[in-house]
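# Coordinates in review
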Amino acid sequence: MATASKAKKKTVRIASGRKRARQDVKLNAANTALRSKFRTAVKGVLKAVATGDKAKAGDTFKTAQRVIDSIADKGIFHKNKAARLKSRLSAKVKALAAPAAA
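Conventions used here
Just so you know, the residues in each chain are numbered from 1, in the order the chain's sequence is written. Local features are withheld for residues below a pLDDT of 70 in this predicted model, meaning they are given only at 70 or higher, and side-chain atom pairs are given and counted only at 80 or more; totals for whole chains, interfaces and linings count all residues. As a rule here, side-chain values come from all non-hydrogen atoms in the structure, and water together with hydrogens is ignored. UniProt positions are given in the numbering used here, feature names are shortened, and annotations may be inferred rather than shown by experiment. To define a nonpolar core, start from buried Ala, Val, Leu, Ile, Met, Phe, Trp, Tyr and Cys residues and group those joined through side-chain atoms within 4.5 Å. The classification of residues rests on relative accessible area computed with a 1.4 Å probe and restricted to protein chains. Under 20% of the type maximum is buried, over 50% is exposed, and intermediate values are partly exposed. Contact criterion: two residues are considered in contact whenever any of their non-hydrogen atoms come within 4.5 Å of each other. Strands here mean DSSP runs of E at least two residues long; helices mean DSSP runs of H or I at least four residues long; both are numbered from the N terminus. Put simply, two rings from Phe, Tyr or Trp (the six-membered ring, in Trp's case) pair if the centres are within 6.5 Å, and we call them stacked under 30 degrees between planes, edge-to-face over 60, tilted for the rest. For helices, the fitted axis covers only the stretch in contact; all axes are lines through C-alpha atoms, and the angles between them, taken along N-to-C directions, range from 0 to 180 degrees. Any angle from 65 to 115 degrees is called roughly perpendicular, while one under 35 is roughly parallel, one over 145 is roughly antiparallel, and all others are oblique. Two helices that cross are described as forming a left-handed crossing if the nearer one is turned anticlockwise from the farther one by less than a right angle, and a right-handed crossing if clockwise. In the scheme used here, Gly and all other residues not listed as nonpolar or charged are polar, with Ala, Val, Leu, Ile, Met, Phe, Trp, Tyr, Cys and Pro taken as nonpolar and Asp, Glu, Lys and Arg as charged.

- Going by what an unreviewed UniProt entry lists, the chain is known as Small ribosomal subunit protein bS20 and is assigned to Sphaerotilus microaerophilus.
- Comment text from UniProt for the chain, heading Sequence similarities (unreviewed entry), reads "Belongs to the bacterial ribosomal protein bS20 family."
- Taken from UniProt, the Function (unreviewed entry) comment for the chain reads in full: "Binds directly to 16S ribosomal RNA."

### What about the nonpolar core?
- Of all hydrophobic cores here, the largest spans 20 residues; its most connected members are Phe38, Val45, Ala57, Ile68, Ile71, Leu89 and Val93.
- Once you skip the residues sitting within four places of it in the chain, Phe38 turns out to touch Val67, Ile68, Ile71, Phe77 and Leu85.

### Some details on the environment of Ala21
- Tracing the backbone shows Ala21 in helix H2 (residues 15-51).
- Taking C-alpha positions, Ala21 is 9.7 Å from Thr11, a pair spaced 10 residues apart along the chain.

### Things to note about the packing of aromatic side chains
- Per the counting criterion, the structure on display carries one aromatic pair.
- Both rings, one in Phe38 and one in Phe77, keep their centres 4.8 Å apart while their planes meet at 70°; by these two values the pair is edge-to-face. Pair noted here: Phe38 is in helix H2 and Phe77 is in the loop between helix H3 (54-74) and helix H4 (79-101), with a separation of 39 residues, a long-range link. Residue Phe38 shares its accessibility class with Phe77, and that shared class is buried.

### Quick word on the packing of H2 against H3
- With their axes 9 Å apart at the nearest point, H2 and H3 run at an angle of 155° to one another. Of the possible angle classes, the one that applies to H2 and H3 is roughly antiparallel. For the crossing formed where H2 meets H3, the hand is left-handed. Between H2, through Leu34, Arg35, Lys37, Phe38, Ala41, Val42, Gly44, Val45, Ala48 and Val49, and H3, the contact on the second element is made entirely by Lys56, Ala57, Thr60, Phe61, Ala64, Val67, Ile68, Ile71 and Lys74.
- Among the residues making up the contact of H2 with H3, the classes are represented as 13 nonpolar, two polar and four charged.

Have a look at this one:
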C-alpha cells in the first residue's frame, strides 16, 4: 500500500503528530476510493451517451448525480466543480434525447 509507506517515512516524535499521520493514511484511502467511485460514475454516463442509449444514459446520470453531490458535500471537490460537472453531463444527456423529439 503506497499511502501507508508514505506515512511511515515521516519521523514524527510527538504523539499527536504520530496519531495525525495514522489518521491521514485512513483519510487518504477513503478519499481515493470516493474519487474512484466518482470517476466511474462519470465514465458510465459518458459511455451511455456515446452508445446513444437514452434510457441507460438517464439512469446512469441519476446515480452519478448522487455520487457527485456526496463527494461535494464531503469536501473532496468544490461545490461549484460538482455543479459544473452535473451541468455538462446533463447537457449531454439532454442533447441525446433532443434529436429523437425533433
